[in-house]
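Here's the letter readout for the chains.
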Amino acid sequence: MNPKNGIGSLEDASYIDSPGPVRPGEELDLARLVPYLRETLGWWEEEVEVLQFPGGHSNLTYLVRVGRRELVLRRPPFGVRIRSAHDMAREYQVLTKLAPVYRRAPKPVAMCEDETVLGCKFYLTERIRGVILRSEPPAGLGLDAETVRKLCASFVDTLVELHAIDFEAAGLGQLGRPQGYVERQVEGWSRRYKDAKTDEIPEIEELERWLRAHLPRSGAPALIHNDYKYDNLVLDPNDLPTIVGILDWEMCTVGDPLMDLGTALCYWVEEEDPDLVKMIKVCPTTLPGSFKRREIAERYAAKSGRDLSEIVFYYCFGLFKTAVVGQQIYARYKRGFTRDERFANLIHGVRIIAQQAVECLGRRSL
């Protein structure tokens, strides 16, 4: 038994996050990909197998097996028109500079800017093996209340640690423009919503107006992930509260770290939330022992020393941004750019998230 979480070794168990068959419509052109891999990696004799990781509503993630070697391939979604939101070269450069100074970042292997290979730019990294918690964890994983509580503490502490990285020393100082970051985000996501709008949702309009009228003053900038949640974290299979990897750095930038915290909070559904909200949760944050959103904010404040007096704004903005992302994905589905049936009902989630945010407007605490 493992004294750290009360379970035996999971290293060879089915709990390790594993890929499956590639979804229809998202297949890669192996006739072009395989020669590129062999030429770039110098691995000529092994067979190449491509599988796809579950989850993910934005950039697509594949497992590439070349013999016994395993790499992760990231590419933009099919049919996407927002190139700035799926900049593979930018994401790869972030990892190139971040991985040497931050052990939880995937190590980059190769960047392909030749769009004749897959019809887009893509990159490869080493795989970080471990457990990833998606909407419902598998039975028997060992997530008792004590383990969950330790994991929640690690969740917060890892975010604080990320925000403490010396981004200038890492060569990432030019990644973003901290001055005016929050205002630009509100403007940018408002514009993205209008571009992807398919239905009338009055709550989105109300939320947008409130955010524009309540812009906070930002503190010291930090390197921020911008999509920090359980299913972007890789857990040590033999010590579940230990986070060994953070995935999906496509939206990483330098800006107000409380925007990162707000995004994390917006994904954090509580057991006491309305049933409709719990129906659309993407991560298992209602498990016995889970922190409340308030506890996450309090621990972050205590560990980071940052002022969280405007945390409601950041939480509501996180909900707004998430609703807009859902709207963008739904618009891609409705306009025929993807056949992924997971996206068919996303518009209902957009409405639920917007309503959740509107109900929080004007509050002084979570």
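Our subject is the structure listed above.
Source: prediction; values computed, not measured.

Chemist: Before we go on, may I ask you to explain helix H7 (residues 257–266) in this structure?
Modeler: Think of an α-helix as turning once every 3.6 residues; residues three or four places apart then point the same way. For H7, the buried fraction is high: 10 of the 10 residues fall into the buried class. Every buried residue of H7 is accounted for by Pro257, Leu258, Met259, Asp260, Leu261, Gly262, Thr263, Ala264, Leu265 and Cys266. Buried residues belonging to H7 abut helix H4 (145–163), helix H5 (181–196), strand S6 (222–224), strand S9 (253–255), helix H9 (293–304) and helix H10 (311–334). Put simply, Asp256 is the residue that caps the front of H7, since its side-chain oxygen is 2.9 Å from the backbone nitrogen of Leu258.

Chemist: Hey, could you run me through the pattern of salt bridges in this one?
Modeler: Applying the stated criterion to the full structure yields 31 salt bridges. For the salt bridge of Arg294 with Glu298, the shortest nitrogen-to-oxygen distance reads 3.4 Å. Within this pair, Arg294 and its partner Glu298 are both found in helix H9, separated by 4 residues, close to a single helical turn. The exposure class of Glu298 is partly exposed, given its relative accessible area of 45%. One salt-bridge network, held together by shared partners, links Glu49, Arg65, Glu70, Arg127 and Arg129.

Chemist: I would appreciate a short explanation of the packing of aromatic side chains in the present structure.
Modeler: Describing an aromatic ring pair means giving the distance of the ring centres and the angle of the ring planes. Applying the stated criterion across every chain, the model contains 10 aromatic pairs. Geometrically, the ring pair formed by Tyr92 and Tyr123 is tilted, given 5.8 Å between the ring centres and 55° between the ring planes. Residue Tyr92 is located in helix H2 (residues 88–98), and its partner Tyr123 is located in strand S5 (residues 122–126); the two are separated by 31 residues in the primary sequence. A relative accessible area of 12% places Tyr92 in the buried class. Judged by centre distance (6.4 Å) and plane angle (80°), the rings of Tyr102 and Trp249 are edge-to-face. In this pair, Tyr102 is assigned in the loop between H2 and strand S4 (108–112) and Trp249 in the loop between strand S8 (239–246) and S9, connecting sequence segments 147 residues apart. Its end group placed over the ring of Phe78, Arg75 keeps NZ or CZ at 3.8 Å from the ring centre. The ring centre of Trp189 lies 4.4 Å from the NZ or CZ of Arg192, which sits over that ring.

Chemist: Could you clarify how one ought to interpret the environment of His163 in this entry?
Modeler: Checked against the element boundaries, His163 lands in helix H4. Sequence separation between His163 and Arg192 is 29 residues; the distance between their C-alpha atoms is 27 Å. Setting aside residues no more than four positions away along its own chain, His163 makes contact with Ala222, Leu223, Ile224, Pro257, Asp260, Tyr300 and Arg306. A polar side-chain atom of His163 sits 2.9 Å from a polar atom in the side chain of Asp260. Reaching out from His163, the side chain makes a polar contact with the side chain of Tyr300 at a distance of 2.8 Å.

Chemist: Got a minute to help me understand the packing of helix H6 (residues 202–213) against H10 in this structure?
Modeler: Axes are the key here: two packed helices are described by the angle between their axes and the distance separating the axes. For the pair H6 and H10, interaxial distance at closest approach is 11 Å and the crossing angle is 140°. Regarding the angle of H6 to H10, the classification is oblique. Of the two possible hands of crossing, H6 and H10 adopt the one that is left-handed. Residue-level contacts link Ile204, Leu207, Glu208, Trp210 and Leu211 of H6 to Phe313, Cys316, Phe317, Phe320 and Ala323 of H10. Here the residues of the contact of H6 with H10 are counted per class, giving 9 nonpolar, no polar and 1 charged.

Chemist: Explain the sheet that holds strand S3 (residues 69–75) here, please?
Modeler: Backbone hydrogen bonds are what pair the strands of a sheet, in a parallel or an antiparallel way. In spatial order, the strands read S1-S2-S3-S5-S4; together these 5 strands make up an open sheet with antiparallel pairing. Only two strands of the sheet have a single neighbouring strand rather than two, namely strand S1 (48–52) and S4. When the angles between neighbouring strand axes are averaged without regard to direction, this sheet yields 25°.

Chemist: Please explain the pairing of strand S2 (residues 60–66) as it appears in this structure.
Modeler: Two faces make up the sheet, and in a regular strand the side chains alternate between them. With 6 of 7 residues buried, S2 lies mostly within the body of the structure. In this sheet, S2 lies alongside S1 in antiparallel orientation, the contact comprising 5 bridges. The residue bridging Val50 from the neighbouring strand is Val64, located in S2. Summarising the sheet, S2 and S3 pair through 7 bridges and their orientation is antiparallel. Across the sheet, Val66 pairs through a bridge with Arg69, a residue of S3. Connecting the antiparallel pair S2 and S3 is a turn made up of 2 residues, with Gly67 showing a positive phi of about 65°.

Reading the values: rules and limits
Residues numbered from 1 in each chain as written. Predicted model: local features only at pLDDT ≥ 70, side-chain atom pairs only at ≥ 80, totals over all residues. Heavy atoms only, no water. Buried < 20%, exposed > 50% of the residue type's maximum accessible area, 1.4 Å probe, protein only. Helix = DSSP H or I, 4+ residues; strand = E, 2+ residues; numbered from the N terminus. Contact = heavy atoms within 4.5 Å. Polar contact = N/O pair within 3.5 Å; in protein donor to acceptor, adjacent residues only side chain to side chain. Salt bridge = Lys/Arg side-chain N within 4 Å of Asp/Glu carboxyl O. Phe/Tyr/Trp six-rings, centres within 6.5 Å; stacked < 30°, edge-to-face > 60°. Lys NZ or Arg CZ within 6 Å of the ring centre and 35° of its normal. Axes fitted to C-alpha atoms, helices over the stretch in contact; angles between N-to-C directions. Parallel < 35°, antiparallel > 145°, perpendicular 65-115°, else oblique. Left-handed = near helix turned anticlockwise from the far one by under 90°. Nonpolar A, V, L, I, M, F, W, Y, C, P; charged D, E, K, R; others polar. Pairing = 2+ DSSP bridges.

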